[in-house]
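Below are the chains, spelled out letter by letter.
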Protein chains: 2
Amino acid sequence: MSREGFIERLEYFSTISTGFIIDYINSRGFETAVKETMLYSVQGGKRLRPALLLGAFSSFSNDSLAAALPFAAAIEMIHTYSLIHDDLPAMDDDDMRRGKPSNHIQFGEAEAILAGDALLNAAAECMLENLVDAGEPGQRASVIIMKAAGAEGMIGGQSLDIAGVHTKQQLKKMYSMKTGALLKASAVAGAVLGGCSHGEEKYIGDFAEHLGFAFQIKDDLLDVSGDSGIMGKPTGSDEGNNKTTIVSLSGIHETEKLLDETAGEALKELRKVEADTWFLQELMKFIDQRKG
Amino acid sequence: MSREGFIERLEYFSTISTGFIIDYINSRGFETAVKETMLYSVQGGKRLRPALLLGAFSSFSNDSLAAALPFAAAIEMIHTYSLIHDDLPAMDDDDMRRGKPSNHIQFGEAEAILAGDALLNAAAECMLENLVDAGEPGQRASVIIMKAAGAEGMIGGQSLDIAGVHTKQQLKKMYSMKTGALLKASAVAGAVLGGCSHGEEKYIGDFAEHLGFAFQIKDDLLDVSGDSGIMGKPTGSDEGNNKTTIVSLSGIHETEKLLDETAGEALKELRKVEADTWFLQELMKFIDQRKG
């Protein structure tokens, strides 16, 4: 498949998962004010997690994406809720997100807390409602996703981040939990839904672990050299906040080398998988080269 | 069954659901700091929701409570997370809860937000992991619970509360969403897990709706006349905060009358159910007569 085919496919995954999320929120009897705050934050974003989930699913299954879509939507709702809560004054205190004011700037802190809660709740509800169609793999995929989102994954990582990290080892652990866990879960859940074998599940997991780390390395690099217009949030904030990042610990040159190595490791894992993983390969390269 | 039998049973339900929650949190690989904040808040409390769920389950099934327990634990974790978030400065700003400092007073706002998120996440995870044992009723019960906890139930009600209520009609809607929905879901989920018929599900739902309203009426009454030592939080706070309550709108005398009528309606619904609902009947009377 060509690079053009990849971008087209990436946009397609983004469009259908966004559409599913918006339809889902609109079709419930959600209280109007909460619905509005939820819808505000689910728009925009790169949709990397749905792309990973749907891309992994498609590597193993030629079935319609319909069975995988509720899980892709759920994982993006979880990601979105985490951004809303992380942006709160008591957490990272960020005023801008996805190119517009953060949820609490737009609606106030109380409503932003509730919007986050409601998105996490809706994610679980959405998966539970769609378990029957997805069968036993659906249940396994949901557990993988919720585990990664919880206190042994993403939430635990945010707690480590708040407590403060200082060494490379602490930073790597924090990244692997805060962003890595959910990225890995996206790929593994997609592969499980697609009917991968036990061995393939392991390779996809290892691939996604490297991809998640590469994503974070790239994020740190972009914070010192990226374009804030493309990123939808201010750059240079890590340095301004005296935040420990891979760049602050290793310097730009070493960090760029680490990015290449990590992306290489990710692709190496994919080569162990028999299925056609072209989309996941291209996704790894896309992350490596992204500008924002 | 005697009143003594009821108290014993109530304490038993409380003990096993608390034990399940604590074991559940301890047995996961949760990040230490988050685990601590979660465990801090799940202790104490009346365990009314697990009692409703397990009581309704036992009305319809003589099976071991083991299949229902993960759902009882989940609903209490959801209730606990909602208290942690509601107590935050941006929300109700309450410093005391369950007889001790609120989560954010003890651990700080950021950790309290994460503790709440982690409990909601754990609740969903706990149900998902235990769906297989509970079969199709388990899936239905989980959806009932998550729906009631979300933006068309509890979260929606908290949003209405923040926006402010002024009339009896607004107040009743807010109560039915903020506390009523999850109480109703507890009873209905328990009945569904116990294998109730479609008709019985409706009666149990109507019973629990009245019970939930009675609970809230009693809460408003206790805020003006209760013992803060028994309640584990300050009394008189509604009046101090100029909060609209049933008492502030109707006066104590009318409110007491409304409580009796509502409890009567609840018991009337139970009489339509063929199963032995003695525990639920006693629970309604217990709420009617509670001192804190």
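Remember, predicted model here, so these are calculated numbers, not experimental data.

**Quick word on the overall build of chain A**
Now for step 1: In terms of helices and strands, chain A carries 14 helices and two strands.
Now for step 2: The principal-axis extents of the C-alpha atoms in chain A amount to approximately 50 × 50 × 35 Å.
Now for step 3: Counting only contacts in chain A whose residues sit at least 6 apart along the sequence, the fraction spanning at least 24 positions is 73%.

**Points about the nonpolar core**
Now for step 1: The biggest cluster of nonpolar side chains holds 194 residues, and the ones touching the most others in it are L53(A), F71(A), I145(A), L53(B), F71(B) and I145(B).
Now for step 2: Not counting residues up to four positions away in its chain, the partners in contact with L53(A) are A68(A), F71(A), A72(A), I75(A), S186(A), A187(A), A189(A) and G190(A).

**Structural notes on the environment of E269(B)**
Residue and element names in this part refer to chain B.
Now for step 1: Mapping E269 onto the fold places it in helix α13 (residues 246-271).
Now for step 2: Spatially, the C-alpha atoms of E269 and G205 are 8.9 Å apart, while their sequence positions differ by 64 residues.
Now for step 3: In contact with E269, not counting residues within four places along its chain, are Y203, D206, F207 and H210.

**A word on the relation of the copies chain A and chain B**
Now for step 1: For the pair chain A and chain B, the superposition axis carries a translation of 0.0 Å, the fit reaches an RMSD of 0.0 Å, and the rotation angle comes to 180°. A rotation of that kind, with that shift, is consistent with a two-fold axis. Residue A124(A), judged by its C-alpha, is the member of chain A lying nearest the rotation axis, at 3.1 Å.

**Here we look at the interface of chain A and chain B**
It is common to give the size of an interface as the accessible area lost on bringing the parts into contact.
Now for step 1: With 44 residues of chain A at the contact, the number on the chain B side is 44 residues.
Now for step 2: Put simply, the parts of the chain that give the side of chain A that touches chain B at least two residues each are α2 (32-42), α6 (109-129), α7 (131-149) and α8 (154-163) of chain A.
Now for step 3: For the side of chain A that touches chain B, the element with the highest residue contribution is α6(A), accounting for 14 residues.
Now for step 4: The class makeup of the residues in the side of chain A that touches chain B is 25 nonpolar, nine polar and 10 charged.

Parameters at a glance
- Residues numbered from 1 in each chain as written.
- Chains lettered and ligands numbered in written order.
- Predicted model: local features only at pLDDT ≥ 70, side-chain atom pairs only at ≥ 80, totals over all residues.
- Helix = DSSP H or I, 4+ residues; strand = E, 2+ residues; numbered from the N terminus.
- Contact = placed C-beta atoms within 7 Å.
- Core = buried A, V, L, I, M, F, W, Y, C linked by C-beta atoms within 7 Å.
- Buried ≥ 20, exposed ≤ 12 C-beta atoms within 10 Å, placed from the backbone.
- Least-squares fit on C-alpha atoms with pLDDT ≥ 70 in both.
- Nonpolar A, V, L, I, M, F, W, Y, C, P; charged D, E, K, R; others polar.

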